[in-house]
Amino acid sequence: MSFFNSLLQKYNLPNHDDRPLWKYVLSDQDFEDLLSSLKRTSSYYIDSRDATLYYAEYWKRNYNGGSPGKEEVFSSIGGNIKYYMTSNEFFEYAKRGARILGVKWIKRQKTLYFRTLLIQGGLPLNHISQNQGKYQSFLLAVLEEQPETIEDFMFKPEIVGYLPKSSQNEVIYQNSLEIVRAIMNDDKAYDDLFENDEVIKTISGVLKVRNKSIKKHQRLSKPKNYWLLNFKGEKPGITLRLGLADSYSKKSLSDILGFEVIEREYQFYLNDELICVFRKLLNENYKTDWYNVQDYAWDSESIFPQAYVMVDGIKTEVNDFIQIMPAFDEPSLWTSHSDFEWRLVKGSGASNKQAAVLFPGNWYTEQLSRTFQLYGKEMSWLEFEGECQVNTQDEYRKYKSNVSSFDWTILSQKPSWMLKSNMAVIQGKLKVLVYDDNNKKLPEIAYDIYIKTRNISQTWENISDVKYLPQGHIIIKIEKDGLTTYDECFNIGNFQLNYLNTSINQAKLRVNNAGGFQFTLDKSEIMDIEAIGSEYSLKVNTSHLRVPTGLRGMLSYGKSKGLSFVLESPFQGMALIDANGNLISESTPLSLRSLYGIRILSTPGRETILRIKNKLKPYVVISKEIKSVSQPMIAFKDEIVRLYYLADAMDYKNKVCIELKEGSHLKSYEISGFSHTLNVENQFLREVGLFDSEDHLDLYAIPLNCETNQIAPIPLLNGGDTYKIPACETANQFIIISSEEGQHQLMPRFVNTKEDFQGIDKEERINKYHQELAQNNFQSEYWKQLLAYFNLAVRYNIPFSTFDQIRSIAKSGAVAARAFLFLGVNQYDPESFIQKSIPEVEKDLGISFHWINRTDWESALEEISLTYGVQYFEKYFGLRSSYFYENDLCEVLQFLNSGKIEASSVSHMQIDSLRSKLGQRVLKELPRICPEIYNDYRIPLKQHKEVSLLIKAAVCVAESIKEIEQDYSIWSANERANSERRNIQYCQYLDKDFYKKTILHVLK
């Protein structure tokens, strides 16, 4: 037996109940038993949950300073295990165990697997006990800071300096942040942990007392992005960390993006890669949902990444999001970040005691330095405390540590045709904003700004004395309180670039107002350049089946330093390309997981239409006009998923067709829901495999037709070409799923390992589940099974329709209302349930919970109150209220509560406005199947037959809410009713405002 199974027996648990692992409170003997079982294990017999638990216990019991690593955790086990696996393999087992246990990964710019595994142990009790005073002082300082992210305090030596040097690392910071945030928010999640250790109990008591007297303050928000130079490993490397918070106030996000935020969500991109989505919460704040979970490695070029947000296909650039870049041609200042990492600092002064200067070969120093190879270039590295100086033959730079520094921003005036550059671009005007080390903007009298060109003989001029800015490269010197720092910008003046003509394989550009500027474009093996005067003819070599994603070049003035830039690609025409510019053929298999990095190209001046439809059920079409010449495909993922769910998510034939159309020119592509499918030819031998693939995925079997306490993922044994389903006494039927790995995910598949199994028809089975839910209370096994499968669908990000128990809730409003409340009150994160899970359930099952009538809601609220306690009625009621708020249907909620609302009537003018807004293209593509309605409620339907579907859809919903009795029901169980429900959802998607107004017109 695995240790984890014995632990479950000790707690009388059939399965892990989603508690943090530290809540199992292992005794010293328990830990010795865990350690002993791991010491004598082999890779064939290890329970991956034991590996996960050991990571947690290592953090709690063994960690005693330093940057923790996989090798340190693994070597602490000892015994024979080192002969059977490596530290990396043990780490992979721990990750797999965490997936089985439903551990929620910490996600930032990438998924922080290692950090998550450690923090499952709660606090490093051993380390804190030996450093009680230092930790208490540190946590009090963090509490005073009222942080939202670790970046809010980890760069402040006056805070992190309280910790022992060996404890100054991101895992400790993350752990401390969670504890402090819990105390700030009066969250009881860690109270048990505080009570189990006398030292922690003392510290937490001090923190709680101090928290009561702290005056809350509004944090000044600036992007906290930073570059890290990592010396660990064979070759040093530099990566970018994005210091975005988990959530923002409206004002804070407006400060970050540089404009007032008013939309419900913003997609944030960096170099055309979707990084995250800022989603508006019920409290008006915005939550950060991470998408692109990977490191952003420096490509050794000092060109600033392009940052922008997208809303409804419209791109808005986020200026000055990244304000500093690593460079090979200038000295740069770095401060210690962890044992092996150094952080790039803007300017010449660092608040940390220990700092270093990285400089190229044409600079030198009198102090002791060392050289090393960085991206193939020899660089020098000088570590110092206090002050140091580096020199060339013509100039010198001084750097200081342990000083109060400052920050600044050169306001960008980059023209629209330039995507990226290696320095700030201005057009005749220079504006520099200076901030103190608390991000407060300083008045101009608090500092001095000087400029000059690279000309050695030129003297520095105070910016206030400069009447005409020089063109080309400008060096900027900022002086404040005895600290001098340097920056640069490039003044392009009136220089302009125009695209004369563009196509997918050739283009022509013209330079205007060149003056004394020298303009050059970089040559490429896939592109030929011909320059005639001020015009440039470009031609793509079509044999490579690639187009440049941008044009690189140089703009210089005289002998000064040039501006390296990337122009928007002029190779524009109707096509799909990947992140490397490769043209994607219409026969290329695509999946929802592979959309990242794909871009849609369109022809300027021509109307490019994207049409999305389901291959098996093409009666619903979503059309979008492509509004820019290059647009990320991932921006349309919501629409693609919506149409994918029109057909069975577990049907391998189910695909979404996307068409690009310009006039009569048409291109078509197909997108699958998943990247892999399962081969079940040998299922009776308990063997399965991946169809036509040599990829490795972690596969799991979810038991069916079993008791609730047996519903848990069972890891399949990977035998190379096949996977083996372990022997299971309690189940013979399973759903096989996979974890998400990059662009890979398996389509869930039913597997039967018993030859004589006699199942029943799918529809009959779903009806049976529905009857059982309808006839039994929330304490029954049927409802517990529903919850178990629902949680697994959320955990592994698979369609809810994978499980027939979940499908069955769509058979009636009464069961749907009960399911909404029952599932909702049993979720750890109610906001995520309302904002992410419920919208997916609605798209997947083809229902909407706001269709439910007043009687069914009242009955469900009464039952949930009797089950879990009337004293929590506000929680149940709030759950429903949150749903209606999220869908902007507060007036419908008012009707459900009181039976009365006030609303305006739907008029001819409003319907005419709707028709005009949708346009003929969309109107012609409207589905023909309309729901039946009891009355037209004086809405001029006959005069507007073209939009009768949109009118009838909303009327049908209102009649359902009002309980208008008729033969037809929106919840009817037949194929036509299912199509009508999908059409109703499509109508809401097309125009939420008209949909809502029509519902209210009928309800009033």
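In the block above lies the structure referred to throughout.
Residues numbered from 1 in each chain as written. Predicted model: local features only at pLDDT ≥ 70, side-chain atom pairs only at ≥ 80, totals over all residues. Heavy atoms only, no water.

### A word on the overall build of the protein chain
The following threshold applies: Numbered from the N terminus, helices here are DSSP runs of H or I no shorter than four residues, and strands are runs of E no shorter than two. Restricting the calculation to C-alpha atoms gives the radius of gyration, and the globule rule supplies 2.2 Å times the number of residues raised to the power 0.38. The buried label applies to any residue whose accessible area, calculated with a 1.4 Å probe on protein chains only, is under 20% of its type's maximum; exposed applies above 50%, and partly exposed to all values in between. By definition, residues are in contact when any of their heavy atoms lie within 4.5 Å. Only the protein chains shown count as cover for residues, with accessible areas throughout obtained via the Shrake-Rupley method and a probe of 1.4 Å.
When helices and strands are counted, the protein chain shows 26 helices and 49 strands. Relative to the 2.2 N^0.38 estimate, which gives 30 Å for 1004 residues, the radius of gyration of the protein chain is 31 Å and therefore close to what a compact globule would have. By principal-axis analysis of the C-alpha atoms, the protein chain measures approximately 90 × 80 × 60 Å. When burial is assessed residue by residue, the protein chain has 56% of its 1004 residues classed as buried. Within the protein chain, residue pairs in contact and separated by at least 24 positions form 66% of the contacts whose partners lie at least 6 positions apart. Here the protein chain displays about 44400 Å² of accessible surface, and carbon together with sulfur accounts for 46% of that area.

### A short note on the environment of Glu-946
Heads up, the rule is: Polar contact is the term for a pair of N or O atoms within 3.5 Å; when the atoms are in protein, one must be able to donate a hydrogen and the other to accept it, and sequence-neighboring residues count only if both atoms are side-chain atoms.
Tracing the backbone shows Glu-946 in the loop between helix H23 (908–924) and helix H24 (948–962). Taking the C-alpha atoms as reference points, Glu-946 and Pro-715, 231 residues apart in sequence, are found 54 Å from one another. Excluding residues within four positions of it along the chain, Glu-946 makes contact with Arg-915, Gln-920, Leu-923 and Leu-926. At a separation of 2.8 Å, a polar atom in the side chain of Glu-946 contacts the side chain of Arg-915. Engagement of the side chain of Glu-946 in a polar contact is seen with the side chain of Gln-920, the distance being 3.5 Å.

### Let's talk about helix H19 (residues 830–845)
Put simply, the rule is: By definition, a residue's bend is the angle between the axes fitted to the seven residues ending there and the seven starting there.
Along H19, the helix axis deviates most sharply at Ser-837, where the bend reaches about 35 degrees; the proline Pro-839 sits within four residues downstream. Those residues of H19 not exposed but buried are Ser-832, Phe-833, Ile-834, Gln-835, Ser-837, Ile-838, Val-841, Glu-842, Lys-843, Asp-844 and Leu-845. Backbone geometry just after H19 places Gly-846 at a positive phi near 75 degrees.

### So, the sheet that holds strand E20 (residues 418–421)
Just so we agree on the cut-off: DSSP calls a pair of strands paired once it identifies at least 2 bridges connecting them. Orientation is described by axes fitted as lines to C-alpha atoms, over the contacting stretch for helices, and by angles from 0 to 180 degrees between their N-to-C directions.
Read from one edge to the other, the open sheet built from four strands follows the order E20-E33-E32-E29, with strand pairing classed as antiparallel. Where the open sheet ends on each side, the last strands, each with one partner, are E20 and strand E29 (517–521). If you compare each strand with its neighbour and ignore which way they point, the axes differ by 30 degrees on average. The sheet contact formed by E29 and strand E32 (residues 550–557) spans five bridges and is antiparallel. If you follow Phe-519 over to E32, its bridge partner there is Leu-555.

### Side note on the pattern of salt bridges
Quick note on the threshold: Within this document, salt bridges are pairs made up of a side-chain nitrogen of Lys or Arg and a carboxyl oxygen of Asp or Glu, the two lying within 4 Å of each other.
Following the criterion strictly, the structure yields 61 salt bridges and no others. Of the charged contacts, one joins Glu-57 and Lys-60 as a salt bridge, the two residues approaching to 3.3 Å between their closest N and O atoms. Taken together, the residues span about one helical turn, with Glu-57 and Lys-60 both in helix H3 (residues 48–62) at a distance of three residues. Accessibility classification places Glu-57 together with Lys-60 in one group, the buried group. Arg-241 is paired through a salt bridge with Glu-341; the nearest N and O atoms lie 3.6 Å apart. Pair noted here: Arg-241 is in strand E4 (residues 237–241) and Glu-341 is in strand E13 (residues 341–345), with a separation of 100 residues, a long-range link. The class of Glu-341 is buried, set by a relative accessible area of 13%. Here the residues in one salt-bridge network are Asp-648, Lys-762, Arg-765, Asp-804 and Arg-807, joined through shared partners.

### Examining the sheet that holds strand E31 (residues 535–540)
Hydrogen bonds between backbone groups are what pair the strands of a sheet, and the pairing can be parallel or antiparallel. An order of E27-E28-E31-E30 is seen for the four strands of this open sheet, with the pairing classed as antiparallel. Each edge of the open sheet carries a strand with a single partner, namely strand E27 (496–502) and strand E30 (527–532). Within the sheet, the average angular offset between the axes of one strand and its neighbour, ignoring direction, is 20 degrees. Strand direction decides the pairing type here: strand E28 (residues 506–512) and E31, joined by five bridges, are antiparallel. When the sheet's bridge partners are listed, Gln-506 is paired in E31 with Lys-539.

### Section: the pairing of E27
In the sheet, E27 pairs with E28 via six bridges, with the strands oriented antiparallel. Looking at the pairing, Gln-496 lines up with Asn-512 of E28. In this antiparallel pair of consecutive strands, E27 and E28, the connection spans three residues.

### Focus on unusual backbone geometry
The backbone of Arg-686 shows a phi angle near 65 degrees, a positive value even though the residue is not glycine. By secondary structure assignment, the location of Arg-686 is in the loop between strand E42 (678–679) and strand E43 (687–690). Note on Arg-686: relative accessible area 16%, which makes it buried.

### Let's talk about the nonpolar core
Looking at soluble globular proteins, one finds that nonpolar side chains tend to be buried together. To keep things clear, this is the line we draw: Only buried residues count toward a nonpolar core. Its members are Ala, Val, Leu, Ile, Met, Phe, Trp, Tyr and Cys residues joined through side-chain atoms within 4.5 Å.
The biggest cluster of nonpolar side chains holds 146 residues, and the ones touching the most others in it are Leu-576, Ile-736, Phe-820 and Phe-849. Broken down by element, this core gets its largest block of residues, 10 residues, from H24. When residues no more than four places from it in sequence are discounted, the contact partners of Ile-736 are Leu-678, Leu-699, Tyr-700, Ala-701, Leu-716, Ile-725, Leu-746, Met-747, Pro-748, Arg-749 and Val-751. In this structure, Leu-7, Phe-31, Met-154 and Val-199 belong to the second largest nonpolar core, which totals 76 residues.

### Quick word on the pairing of E13
Walk down a regular strand and you will see the side chains alternate between the two sheet faces. Counting buried residues in E13 gives five out of five residues, a clear majority hidden from the surface. Burial along E13 is two-sided: Glu-341, Arg-343 and Val-345 and Trp-342 and Leu-344, pointing in opposite directions, are all buried. The pairing of strand E3 (residues 226–230) with E13 spans three bridges and is antiparallel. Considered in E13, the bridge of Leu-228 is made with Arg-343. Alignment of strand E12 (residues 332–336) against E13, held across four bridges, turns out to be antiparallel. Directly across from Ser-336, in E13, lies its bridge partner Trp-342. Counted along the chain from E12 to the antiparallel partner E13, the turn is four residues long.

### Here's the deal with helix H22 (residues 890–898)
Condition: Within this analysis, the arc is defined by the directions that extend from the helix axis to the C-beta atoms.
All of the buried residues along H22 are Val-892, Leu-893, Phe-895 and Leu-896. In an axial view of H22, the angular spread of the buried residues amounts to 155 degrees, which keeps them on one side of the axis. Against the buried residues of H22 lie helix H20 (854–868), helix H21 (873–886), H24 and helix H26 (992–1003). Just past H22, the residue Gly-899 takes up positive phi, approximately 80 degrees.

### Overview of the side chain of Asn-853
Tracing the sequence through the fold places Asn-853 in the loop between H19 and H20. The exposure class assigned to Asn-853 is buried, which follows from its relative accessible area of 14%. Of note is the side chain of Asn-853, whose polar atom sits 2.7 Å from the backbone nitrogen of Asp-856. Look past the residues within four positions of Asn-853 in its chain and what remains in contact with it is Leu-896, Ser-960, Ile-961 and Glu-963.

### A word on the packing of helix H18 (residues 813–825) against H20
Put simply, the rule reads: Left-handed describes a crossing whose near helix is turned anticlockwise from the far helix by less than a right angle; the clockwise case is right-handed. For this scheme, ten residues count as nonpolar: Ala, Val, Leu, Ile, Met, Phe, Trp, Tyr, Cys and Pro. Four count as charged, namely Asp, Glu, Lys and Arg, and the remainder, Gly too, count as polar.
It is at 9 Å that the axes of H18 and H20 come closest, and there the two elements cross at 40 degrees. The chirality of how H18 crosses H20 is right-handed. Along its contact with H18, which presents Gly-813, Ala-814, Ala-817, Arg-818, Phe-820, Leu-821, Phe-822 and Val-825, the element H20 presents Asp-856, Trp-857, Ala-860, Leu-861, Glu-863, Ile-864 and Tyr-868. A per-class count over the contact of H18 with H20 returns 11 nonpolar, one polar and three charged.

### Some points on the packing of aromatic side chains
Rules: Pairing of aromatic side chains requires ring centres within 6.5 Å, counting the rings of Phe and Tyr and the six-membered ring of Trp. Pairs whose planes differ by under 30 degrees are stacked, by over 60 edge-to-face, and all others tilted.
All told, the structure shown has 53 aromatic pairs when counted by the stated rule. With centroids separated by 5.6 Å and ring planes inclined at 45 degrees, the aromatic side chains of Phe-74 and Phe-90 adopt a geometry described as tilted. Here Phe-90 lies in helix H5 (residues 87–101) and Phe-74 lies in helix H4 (residues 70–75), a separation of 16 residues in the sequence. You'll find Phe-74 and Phe-90 in the same group, each marked buried. Through a chain of ring-to-ring contacts, the aromatic side chains of Trp-417, Phe-490, Phe-495, Phe-517, Phe-519, Tyr-536, Tyr-557 and Phe-565 assemble into a single cluster.

### Digging into the state of the cysteines
The test is simple: Cysteine sulfur atoms are paired as a disulfide whenever they fall within 2.5 Å.
Going through the model one piece at a time under the given rule, you end up with zero disulfides. We note that Cys-987 lacks a disulfide partner, and the nearest cysteine sulfur, in Cys-930, lies 7.7 Å from it. Owing to a relative accessible area of 2%, Cys-987 belongs among the buried residues under this scheme.

### Some words on the side chain of Lys-811
Of note, Lys-811 is situated in the loop between helix H17 (804–807) and H18. With a relative accessible area of 18%, Lys-811 lands in the buried category. Side-chain polar atoms of Lys-811 contact the side chain of Glu-763, separated by 2.8 Å. Every residue in contact with Lys-811, bar those within four places of it in the chain, is listed here: Glu-763, Ile-766, Asn-767, His-770, Trp-971 and Ala-973.

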